[in-house]
Amino acid sequence: MSTDIAQALKDLANAKALAASATRRLAHAGLTAGHAAYFALLTEDLAQELTRTQVHAAAALRSTGAHKLDQESFQAITDLGPDPSIEEIDEAKGRTTTGRTHFKDAKGLMTGWLDIPRSTAAARLVQADCLLGGVDEAGQPTAPWLPELAAQFQDPNIDPRLVASAAMKLHSVRKDLGEGNAAEVKKQQLQAESAAFLRSEPKSARKHINDLVAQVKAGKRPLKALLDGIGIFKRGMRKGLVEYLFRVLPSQSAYIDAYFANLDNPSTVAGNRQGLKDVDAQFTGEETSGWDDEGSKPDWAKDRPGDEDVEDDPPEEGLNPDAEDPHSQADDHRPEGEDEEHQPEGDSSEPEPASGEWEDLKPERRRLVGFMALLMSERKPNGSPPDQQAGLASSQVSIILDWEKLQRKMEDFAVTSSGILLSPGEARTALCTAGILPVVLNGKSLPLDLGRTQRLFSKAQVRALRAAYRGCSYPGCSMPAQRCEADHLDPWEKGGRTDIKSAVLNCLIHHTARHCGLFQAVKIPGSRPMVLLPPELDPEQKLRVNTYFMTPAEALEAEALAEETTARWRAGLLDVEIAEP
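Residues numbered from 1 in each chain as written. Predicted model: local features only at pLDDT ≥ 70, side-chain atom pairs only at ≥ 80, totals over all residues. Heavy atoms only, no water.

## Looking at the packing of aromatic side chains
This model, assessed by the stated rule, comprises 6 aromatic pairs. When the centroid spacing of 5.7 Å and the interplanar angle of 75° are considered together, the rings of Phe74 and Phe103 count as edge-to-face. With a gap of 29 residues between them, Phe74 in helix H3 (residues 71–79) and Phe103 in the loop between helix H4 (86–91) and helix H5 (106–112) connect regions that are remote in the sequence. You'll find Phe74 and Phe103 in the same group, each marked buried. Ring pairing ties together the aromatic residues Phe74, Phe103 and Trp113, which thus form one cluster. One cation-aromatic arrangement involves Arg247 over Phe233; the distance from NZ or CZ to the ring centre is 5.3 Å. (Phe/Tyr/Trp six-rings, centres within 6.5 Å; stacked < 30°, edge-to-face > 60°. Helix = DSSP H or I, 4+ residues; strand = E, 2+ residues; numbered from the N terminus. Buried < 20%, exposed > 50% of the residue type's maximum accessible area, 1.4 Å probe, protein only. Lys NZ or Arg CZ within 6 Å of the ring centre and 35° of its normal.)

## Let's talk about the pattern of salt bridges
Overall, the coordinates contain 18 salt bridges when judged by the stated rule. Arg238 serves as the salt-bridge partner of Glu243, at 3.5 Å between the closest nitrogen and oxygen. Given a relative accessible area of 28%, Glu243 falls into the partly exposed group. The residue Arg514 makes a salt bridge to Asp487 at a minimum N-O spacing of 2.8 Å. (Salt bridge = Lys/Arg side-chain N within 4 Å of Asp/Glu carboxyl O.)

## Considerations on unusual backbone geometry
Phi is positive for Asp115, close to 60°, though the residue is something other than glycine. Topologically, Asp115 is positioned in the loop between H5 and helix H6 (118–131). The backbone of Arg470 shows a phi angle near 65°, a positive value even though the residue is not glycine. Assignment of secondary structure puts Arg470 in the loop between helix H17 (459–469) and strand S5 (485–488).

## Side note on a nonpolar patch on the surface
Together, Ile232, Met237, Val242, Tyr244, Phe246, Val248 and Ile256 make up a nonpolar patch on the protein surface, roughly 660 Å² of accessible area in all. Breaking the nonpolar patch down by element, the ones donating at least two residues are strand S1 (231–238) and strand S2 (241–247). For the nonpolar patch, the leading source of residues is S2, giving 3 residues. Note that Tyr244 resides in strand S2. (Patch = residues over 30% accessible without salt bridge, like charges linked within 9 Å, V, L, I, M, F, W, Y side chains within 5 Å. Areas by Shrake-Rupley, 256 points an atom, 1.4 Å probe, with all protein chains shown as cover.)

## What to know about H17
In an α-helix, one turn spans 3.6 residues, which is why side chains three or four residues apart end up on the same side. Within H17, 8 of the 11 residues are buried, which leaves it mostly tucked inside the rest of the structure. Buried within H17 are the following residues: Ala460, Gln461, Val462, Ala464, Leu465, Arg466, Ala467 and Tyr469. Once H17 ends, the next one or two residues include Arg470, with phi positive near 65°.

## A word on the pairing of strand S6 (residues 503–506)
Side-chain alternation along S6 places Ala503 and Leu505 on one buried face and Val504 and Asn506 on a second face that is also buried. Relative to S6, S5 is paired through 4 bridges, and the arrangement is antiparallel. By the bridge assignment for S6, Asp487 is matched with Val504. (Pairing = 2+ DSSP bridges.)

## Some points on the nonpolar core
Within the largest apolar cluster, 39 residues are counted, with the highest numbers of intra-cluster contacts made by Leu131, Leu149, Val163, Leu190 and Leu198. Contributions of two or more residues to this core are made by helix H2 (33–64), H6, helix H7 (147–153), helix H8 (160–171), helix H9 (181–200), helix H10 (202–219), strand S8 (530–532) and helix H19 (552–570). Top element by residues in this core is H8. It accounts for 6 residues. If sequence neighbours within four positions are ignored, Leu149 has contacts with Leu131, Val163, Ala166, Ala167, Leu170, Gln191, Ala195 and Leu198. (Core = buried A, V, L, I, M, F, W, Y, C linked by side-chain atoms within 4.5 Å. Contact = heavy atoms within 4.5 Å.)

## Things to note about the packing of H6 against H8
In contact at an axis separation of 9 Å, H6 and H8 are set at 90° when each is read in the N-to-C sense. With respect to each other, H6 and H8 are oriented roughly perpendicular. Together, Ala123, Val126, Gln127, Cys130 and Leu131 of H6 and Val163, Ala164, Ala167, Met168 and His171 of H8 make up the contact between the two elements. Grouping the constituent residues of the contact of H6 with H8 by class yields 8 nonpolar, 2 polar and no charged. (Axes fitted to C-alpha atoms, helices over the stretch in contact; angles between N-to-C directions. Parallel < 35°, antiparallel > 145°, perpendicular 65-115°, else oblique. Nonpolar A, V, L, I, M, F, W, Y, C, P; charged D, E, K, R; others polar.)

## Considering the sheet that holds S8
Here 4 strands make up an open sheet; going across it, the order is S9-S8-S7-S10 and the pairing antiparallel. If you trace the sheet from one side to the other, it starts and ends with strand S9 (543–544) and strand S10 (577–578), each paired once. Pairing analysis gives 2 bridges linking strand S7 (residues 520–523) to S10, with the strands arranged antiparallel. Across the sheet, Val522 pairs through a bridge with Ile578, a residue of S10.

## Re the side chain of Ser502
Residue position: Ser502 is located in the loop between S5 and S6. Residue Ser502 is classed as buried on the basis of its relative accessible area, which comes to 3%. Residues in contact with Ser502, not counting those within four places in the same chain, are Asp487, His488, Leu489, Asp490, Arg497 and Lys523.

## Here we look at empty space enclosed by the protein
By the definition in use, this model includes 2 cavities of 30 Å³ or more. In this structure, the largest cavity encloses a volume near 120 Å³. Here the residues of the lining of the largest cavity sort into 8 nonpolar, 3 polar and 2 charged. Estimates place the volume of the second largest cavity at around 60 Å³. Lining the second largest cavity are Leu162, Ser165, Ala166, Lys169, Leu198, Ala205, Arg206, Ile209 and Asn210. Residue assignment for the lining of the second largest cavity shows that the elements contributing at least two residues are H8 and H10. Classifying every residue of the lining of the second largest cavity by side-chain character gives 5 nonpolar, 2 polar and 2 charged. (1 Å grid on protein atoms, 1.4 Å probe; cavity = no way out; pocket = protein on both sides within 12 Å on 5 of 7 lines; lining within 4 Å. Points joined across faces, edges and corners; volume = space filled by probe spheres on them.)

Rendered as structure tokens:
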């Protein structure tokens, strides 16, 4: 048995040396694109396996009492080096002592000897408790706190990093769950729902698990406690900047998000990149968008050799100073929830200015500029709001009320179009103060079906699509509905109709990707359209739905429907139609 352990440790040492050697060679090699992709794939697989190894190592340090090793043992382990023999490893079993040692516990050993940050060391020990089991006060092993996630942690088909992160999130609410049978039931429900998200849609799992945890914490806090915690707090000067902390209610967050959505859209007056640059210059002292320097001039306006001797020299043929630059739309799409610059089809707004150089205003800075413009805006003498200007956006928040859920007193009966859950009090307040825009998804109150009379979707149709789908259709995409385009599933040029039932919302990236054949939209009788990813991205070839903007309960229901629809489709019990690219 001892020899087996020594051989396993030898294998681990060899693996480290092999990985280091391979990295050195590949870093200086002329890789082809395919080899680079395989390099990245292997690296991520190795990182996933390393996550399991790190948690197992933390559990082993604690269960063996390794922090009580004596000085000679630590020295012997250090002397092993990167390429020890089996015999040398076998001899370095170590010796623990009951006397005073360098480290108080396993966390102290990980921090003081392995140089692991204290927070990381604590997290690994918590993950070990949740996913591998711990040790009680008597030194006896205990079962994992989250047995269902523990099984997923060992599943090679599930990313252990996501499982470990989910375990930390659920562990953070252990005190909020209370004690007794009710607490155990609630814990099992949270664990089952989290496991379902990790299994069905890993891309959105982290977001939904965060929402589950937030619901538990919010449910334990009375309204007075929430109101006592909101506000704008000045945190002081850090690195030459003054920091403020905003804490707001979910309903207030919905207005802020809607305000920022207009600022992030360069096709609106508020999001005009050139105007934002000018507004920003009022605070920073930077040059504005005037053509005071050669760097800010468009190509057609720059001086050319000999121009100083020619009067009224017209621009070269084909260069129209008022023409729209086909390359002017900047792509600000970034992973993990960042926004992307494009205008939903069917909306009427100002054309986008040539952006190029104005995109040095990052989204965070653009939003600050808009916020400052709002604070400094002056009302007209008659009390009416100021004229529209760059950075001064108007917010429009859509709230979807589900009558059936309201009748059943479900928590998620009122949800904003961006997926923010509203409490009954916040929903009542919105009904009293908001301008109500009825959105009819299955009725005749609005002309939602235009047939062949109009190619572009109307504002009423776009509003209905936004309320129904809330965001891009591509699984895991975080682009909200306000930044998406209405996409015909039946090509207009081939006789398709401008009808709600044959439309989806797609962000600019995934709208183009669908028409390039990089994934397929699938029309389902009596249901929302779903997505079929290519085999290289989804070997299981399941029908999928983007649940990013759904509440956890809605997401679980949608995933169950997708599973059922896939099973019926494969069994030949359901006729589906794959939309043309």
